[in-house]
Amino acid sequence: MQKSWHIETQAVQGNYQPKAAESRTPPIHQSTTFKYDKAEHMAQLFDLDCPDPMYTRLGNPTTSVFEEKIALLEGGVAALATSSGQAATALAILNICRSGQHVVAASTLYGGTFSLFANTFPKLGIEVTFVDPNSSLEEMQKAFRPQTRCLFAETIGNPGLNILDFQKFSTLSREMAVPLIVDNTLASPYLCQPLQHGADIIVHSATKYIDGHGTCVGGVIVDSGRFAWTPEKYPEICEPDSSYHGLKYLEKFGPLAYIVKARAQYMRDLGVTPAPQNSFLFNHGLTTLHLRMERHSSNALALAKFLDAHPSVSWVNYPGLASHSSFALAQQYLPKGASGVLTFGIKGGRDSGIKFMEACRLIAMVVHVGDARSCVLHPASTTHRQLTEEQQIASGVSPDLIRLSVGIENIDDLIADVDQALAASR
Ligand SMILES: *Cc1c(COP(=O)(O)O)cnc(C)c1O
């Protein structure tokens, strides 16, 4: 029944229906372990024959509510919550890719993901080839090898804000017979549901719009259950797992195999588990996701239009503006809005950028996006300051670039703040 609800109703009431005299909101199960009476029951837990919780590293009732709700919102079959977005991306890939294997990824990625792919995965023997998402299908095919195990991209590139061409990327992943993994952090399932556009697996940094209030770091992986795992390429999903007395994930769990394996192997061994308190706050955040994303998007569009017409601004990058190179893709894949992040170029370059950031009153200087409160960042003098100017430009950060994560305050107050800070930056 819940699957037929509109997404707004799913966000508010999805996947938690208390019985009589039970708490109206999903409670925090602040407990490491869970008690059982029969050895047989515990044996079933260890054999993965029973979904009851046993130890919070592997599962917790508060976290399960979050996992099942995000799976519902994304239209997936199952989800695994993690301690951060970085952990979600790492686990999503390690689950199907080992030393000697290979990943193809769009080059326009969040900095932390880029570093994971360019520095840390190679140390583990997993190579990543980056492809320009604007290149042709034929060009991108050349990046694939017999060892390639997945294709990775972001719905909205952070911080480039290019929108993923789902048609092209899902065609590519199907032709190359690997799953398409999409980081849907900046869009959230309210603005875009990548599984409807050919993605197979989704990752989120729940730290951003899912929490939405700047309170906790977390992540989640959602699986469509649709990818056809083959024993030739994915023996670890299809063949017996010696670390789990010969369990065959695909045979036993069917469409749930990928998430069960990620939990039973990698969450067991790496332990990147969310705190129950944080899962509680993610459940809380999801309740208003649809309202917040609407306001983030409408505020960002209004601010982008204001900046576009401002004499102190040399350029504006927001996919909801008709002049943006991704505008057509944004209309197609994010018809309800292009989310809350925008970047713009300030006249006067680096010095004006610093002055602008310091002059903002309502909009806070914070290294964050996706908060209900607006935030501003001048990457050249902060997150990217270790790089030379040439390196900054190569990574898409020009000295004049300002990033705004537009919150859900009143738009007139936000425009007034930006206007006075632009005046102060001259
Ligand atoms: C922030 C972010 C991440 C990393 O998430 P953390 O929760 O900070 O570990 C991954 N992808 C995108 C697009 C992000 O914005």
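These numbers were taken from a predicted model, which means no experiment stands behind them.

Enquirer: I tried to follow helix 11 (residues 257-270) on my own but got confused; where do I start?
Expert: Side chains that are three or four residues apart share a direction in an α-helix, a result of its 3.6 residues per turn. The terminal C-alpha atoms of helix 11 lie 19 Å apart, and with 14 residues this matches the ideal 20 Å at 1.5 Å per residue to within 8%. Maximal helix bending in helix 11 amounts to about 30 degrees, located at Arg263. All of the buried residues along helix 11 are Ala257, Tyr258, Ile259, Val260, Lys261, Ala262, Ala264, Gln265 and Met267. In this fold, the buried residues of helix 11 make contact with strand 1 (78-82), helix 4 (85-94), strand 6 (201-205), strand 7 (219-223), helix 9 (235-238) and helix 10 (249-253). Residue Gly271 follows helix 11 closely and has a positive phi angle near 65 degrees.

Enquirer: Before we go on, may I ask you to explain the nonpolar core in this structure?
Expert: Proteins that are soluble and globular tend to have nonpolar side chains buried together. With 91 residues, the main nonpolar core has Phe66, Ile93, Phe117, Ile221, Trp229 and Tyr258 as its most contacted residues. Per-element tally for this core: the top contributor is helix 11, with seven residues. Counting the residues that make up this core, at least three belong to each of domain 1 (2-286) and domain 2 (291-425). Leaving out residues up to four positions away in the same chain, Trp229 has contacts with Ile96, Pro179, Ile201, Tyr234, Ile237, Cys238, Leu250 and Tyr258.

Enquirer: I would appreciate a short explanation of the packing of helix 15 (residues 349-359) against helix 17 (residues 411-424) in the present structure.
Expert: The geometry of a pair of packed helices is captured by two quantities: the angle between their axes and the separation between those axes. Across the interface, helix 15 lies against helix 17 with an axial gap of 8 Å and an inter-helix angle of 140 degrees. The angle between the axes of helix 15 and helix 17 places the two elements in the oblique class. The hand of the helix 15/helix 17 crossing is right-handed. Side by side, helix 15 and helix 17 meet where Lys355, Phe356 and Ala359 of the first sit next to Val418, Gln420, Ala421, Leu422 and Ala424 of the second.

Enquirer: Even after reading the chapter, I still don't get the pairing of strand 1, so can you show me in this structure?
Expert: With respect to burial, strand 1 is a largely interior element, five of its five residues being buried. Every second residue of strand 1 is oriented toward a common face, with Ala78, Leu80 and Thr82 on one face and Ala79 and Ala81 on the other, all of them buried. The sheet contact formed by strand 1 and strand 7 spans five bridges and is antiparallel. Directly across from Ala78, in strand 7, lies its bridge partner Asp223.

Enquirer: Explanation requested: the sheet that holds strand 5 (residues 180-183) in the structure shown.
Expert: Two orientations exist for strands paired in a sheet by backbone hydrogen bonds: parallel and antiparallel. Strand order in this open sheet of seven strands is 1-7-6-5-4-2-3, and the pairing throughout is mixed. What marks the edges here is a single partner per strand, and that holds for strand 1 and strand 3 (127-131). Averaged over all pairs of adjacent strands, the angle between their axes in this sheet comes to 20 degrees, without regard to strand direction. Where strand 4 (residues 148-154) meets strand 5, four bridges bridge the pair, whose relative direction is parallel. Note on strand 5: the bridge partner recorded for Leu151 is Leu180. Strands in contact with helix 5 (residues 111-123) are strand 2 (102-106), strand 3 and strand 4; relative to strand 3, the strand with the most contacts, it is inclined by about 135 degrees.

Enquirer: For this particular structure, what's the right way to read the site of the ligand?
Expert: Near the ligand you find 13 residues, and of these Gly85, Asp183, Ser205, Thr207 and Lys208 are the closest. A distance of 2.9 Å separates an oxygen atom of the ligand from a polar backbone atom of Gln86. Expressed as a share of its isolated accessible area of 380 Å², the protein-covered part of the ligand is 92%. Its residues assigned to classes, the shell around the ligand comprises two nonpolar, eight polar and three charged.

Definitions and limits used
Residues numbered from 1 in each chain as written. Predicted model: local features only at pLDDT ≥ 70, side-chain atom pairs only at ≥ 80, totals over all residues. Heavy atoms only, no water. Helix = DSSP H or I, 4+ residues; strand = E, 2+ residues; numbered from the N terminus. Expected span 1.5 Å × (residues − 1). Bend = angle between axes of the 7 residues up to and from the residue. Buried < 20%, exposed > 50% of the residue type's maximum accessible area, 1.4 Å probe, protein only. Contact = heavy atoms within 4.5 Å. Core = buried A, V, L, I, M, F, W, Y, C linked by side-chain atoms within 4.5 Å. Domains from an automatic or database assignment. Axes fitted to C-alpha atoms, helices over the stretch in contact; angles between N-to-C directions. Parallel < 35°, antiparallel > 145°, perpendicular 65-115°, else oblique. Left-handed = near helix turned anticlockwise from the far one by under 90°. Pairing = 2+ DSSP bridges. Near = heavy atom within 4 Å. Polar contact = N/O pair within 3.5 Å; in protein donor to acceptor, adjacent residues only side chain to side chain. Areas by Shrake-Rupley, 256 points an atom, 1.4 Å probe, with all protein chains shown as cover. Nonpolar A, V, L, I, M, F, W, Y, C, P; charged D, E, K, R; others polar.

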